[in-house]
Amino acid sequence: MNRIILHIDMDAFFAQVEERENPQFKGKPVVVGADPKGGSGRGVVSTANYVARKYGIHSALPISKAYELCPKAIFLPVNMELYQKVSENIMEIIKKYSSKWEIVSLDEAYLDLSHIFYDRKKCGIRCGWERAKRIAKKLKEEILEKEKLTSTVGIGPNKLIAKMAAEKVKPNGLLVIKPNQVKNFLEPLDIEDLPGIGPKTAERLRPLSVNTIKELKKLSKTKLKDTFGVVGETIYERARGIDEEEVSPEEIIKSIGKEHTFEKDTRDPEILFSTFEKIIKNVHQELTANKFSFKTITVICRFQGFETHTKSKTLKNPTQDLEILKSEAKKFLLKFLLENKKPVRLIGLRVRIW
DNA sequence: AATTCATTATCAC
DNA sequence: CTAACGGTGATAATGAATT
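Owing to the predicted nature of the structure, the values given are computational and were not obtained by experimental measurement. (Residues numbered from 1 in each chain as written. Chains lettered and ligands numbered in written order. Predicted model: local features only at pLDDT ≥ 70, side-chain atom pairs only at ≥ 80, totals over all residues. Heavy atoms only, no water.)

The next thing to look at is the overall build of chain A. A tally of regular secondary structure across chain A gives 12 helices and 12 strands. Its C-alpha atoms give chain A principal-axis dimensions of about 70 × 55 × 45 Å. By residue count, 44% of the 354 residues in chain A fall in the buried class. Charge centroids of chain A, computed over 64 positive and 48 negative side chains, lie 2 Å from each other. (Helix = DSSP H or I, 4+ residues; strand = E, 2+ residues; numbered from the N terminus. Buried < 20%, exposed > 50% of the residue type's maximum accessible area, 1.4 Å probe, protein only. Lys, Arg positive; Asp, Glu negative; His and termini not counted. Charge placed at Lys NZ, Arg CZ, Asp CG, Glu CD.)

What follows is the structure, encoded as structure tokens:
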């Protein structure tokens, strides 16, 4: 079945919302994320607006580096409640454009517009893509009108192409890639532009003289499968623009967790255990609020130097008992401290839902 | 021998 | 000291433990 899939992505979402709320920020570099603390902050950048990006600041960049690149930027904490509220409004708008939608995150969604091929007699199959483009313009306009925020839309024959198209024309862009354009669109792109190829995978491909998708396509399915396993096969398909993933709002949570990075690495048991206690309670709270039981408990401990370890235990039977969670989790933390004498950077707890 | 469990690695947002 | 590196969640690989 031929499809028309739309992907919409809000431009520098968190930063743009902050700019909307504080018009005096317009034209200035805005960085939403951890507190830089005069250069000693430990977190990362959540979102940088496009002015800040000119300084080389981007998502996931350590906030200390961001501060170094542009100390005069406006640094703001993440106001998640605000973004959540704005996101809900936007998603309500998006959902009106097709009954087949999928919310990916606070600022991203897919729409399946395939129905426009059929639902108007006088419009033959030929004009489907033109109509999709009109719809996208309308959607972008409505969001700008009602929420005063710009977005970028990509349209393609599947989710993969729609997403990659949007990625290429940010910010405030609109790009339609029809089936016969997929090959030319993909081939010149860098391998890291392909969803699923991150820094590690790219690092292994570049020495093989594989830097573009065109070059990636020279590798056989067998070679990719042997080198990268299941992911390798997916990469093979994606490099050819093949993606059959449906647009659907499935959302089955499989695990819940909380973690915390300390301001300074520490071995102080008071700090470690009181923080861990809060984490445990938070996880349990989340659990009971959703009437979930858990069966597997995983404790994460990251030491100085970023050395990260996990310990996990699967219970005989699923339970909701806070006391079991507490005692098992604390046992693990204690073990970590006995096994490893380094100061602790992060502790975390995750449970697999039953 | 097959399945589950524990751990690490990688990716995305 | 020469990188800096959050929080949340998913999935896969691999080897060990269990059934």
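With that settled, consider the pairing of strand β10 (residues 294-303). Burial of β10 is extensive: nine of the 10 residues sit out of reach of the surface. Inspection of the sheet shows β10 paired to strand β11 (residues 308-319) by eight bridges, in the antiparallel sense. In the sheet register, T298 faces β11, and the bridge partner there is S312. Connecting β10 to the antiparallel partner β11 that follows it, the hairpin turn spans four residues, and G305 within it adopts a positive phi of roughly 95°. Relative to strand β12 (residues 344-353), β10 is paired through nine bridges, and the arrangement is antiparallel. Bridging across to β12, F303 finds its partner in V344. (Pairing = 2+ DSSP bridges.)

What follows covers the sheet that holds strand β4 (residues 74-76). Spatially, β3-β2-β4 is the arrangement adopted by the three strands of the open sheet, whose pairing is mixed. Each edge of the open sheet is held by one strand with a lone partner, namely β3 (45-48) and β4. Taking the axes of each pair of neighbouring strands and ignoring which way they run, one obtains an average angle of 25° across the sheet. (Axes fitted to C-alpha atoms, helices over the stretch in contact; angles between N-to-C directions.)

Right, let's talk about the protein's contact with DNA strand B for a bit. Residues in close proximity to DNA strand B total 18 residues, the closest being K163, G196, T201, S312 and T314. Each atom of DNA strand B within 4 Å of the protein was assigned to sugar, phosphate or base; sugar and phosphate come to 97%. In the model, a phosphate oxygen of DNA strand B is placed 2.5 Å from a nitrogen or oxygen of the G196 main chain. If you list the elements that add at least two residues to the surface near DNA strand B, you get α8 (199-205) and β11. (Near = heavy atom within 4 Å. Polar contact = N/O pair within 3.5 Å; in protein donor to acceptor, adjacent residues only side chain to side chain.)

Looking now at the pattern of salt bridges. Two side chains carrying opposite charge are able to pair once their charged atoms lie near each other. Per the counting criterion, the structure on display carries 29 salt bridges. Taken together, the shared-partner salt bridges in this structure form one network comprising K183, E187, K214 and K217. (Salt bridge = Lys/Arg side-chain N within 4 Å of Asp/Glu carboxyl O.)

What follows concerns the protein's contact with DNA strand C. DNA strand C sits among 24 residues. The nearest are S255, G257, E259, T261 and R345. Each atom of DNA strand C within 4 Å of the protein was classed as base or backbone; sugar and phosphate made up 76%. Interatomic distance of 3.4 Å between a side-chain N/O atom of K65 and a base nitrogen of DNA strand C. For DNA strand C, a phosphate oxygen lies 2.7 Å from a polar atom in the backbone of G257. Looking at the surface near DNA strand C, the elements with two or more residues in it are α3 (63-69), α10 (221-239), β9 (255-266) and β12. Among the elements that take part in the surface near DNA strand C, β9 stands out by supplying seven residues, more than any other. Tallied by class, the residues present in the surface near DNA strand C amount to nine nonpolar, seven polar and eight charged. (Nonpolar A, V, L, I, M, F, W, Y, C, P; charged D, E, K, R; others polar.)

As a further point, take the packing of helix α4 (residues 80-95) against helix α5 (residues 128-147). Contact geometry for α4 and α5: axes closest at 10 Å, N-to-C directions at 145°. Considering how the two elements wind past one another, α4 and α5 form a crossing that is right-handed. Contacts between α4 and α5 pair V86, N89, I90, I93 and I94 from the former with L139, E142, I143, K146 and E147 from the latter. Split into classes, the residues belonging to the contact of α4 with α5 amount to six nonpolar, one polar and three charged. (Left-handed = near helix turned anticlockwise from the far one by under 90°. Contact = heavy atoms within 4.5 Å.)

Take T319: it is sitting in strand β11. Among all residues touching T319, those that are not within four sequence positions of it are S293, F294 and I324.

Another point: the packing of aromatic side chains. Per the counting criterion, the structure on display carries five aromatic pairs. Ring geometry for F303 versus F336: centroids 6.4 Å apart, planes at 70°, classification edge-to-face. Within this pair, whereas F303 is found in strand β10, its partner F336 is found in helix α12 (residues 322-339), the two being separated by 33 residues in sequence. Judged by its relative accessible area of 3%, F336 falls in the buried class. A connected cluster of aromatic rings, assembled from ring pairs, spans F13, F14 and Y83. The ring of F336 carries the charged tip of K311 above its face, separated from the ring centre by 4.9 Å. (Phe/Tyr/Trp six-rings, centres within 6.5 Å; stacked < 30°, edge-to-face > 60°. Lys NZ or Arg CZ within 6 Å of the ring centre and 35° of its normal.)

The values are spatial; any link to function lies outside them.
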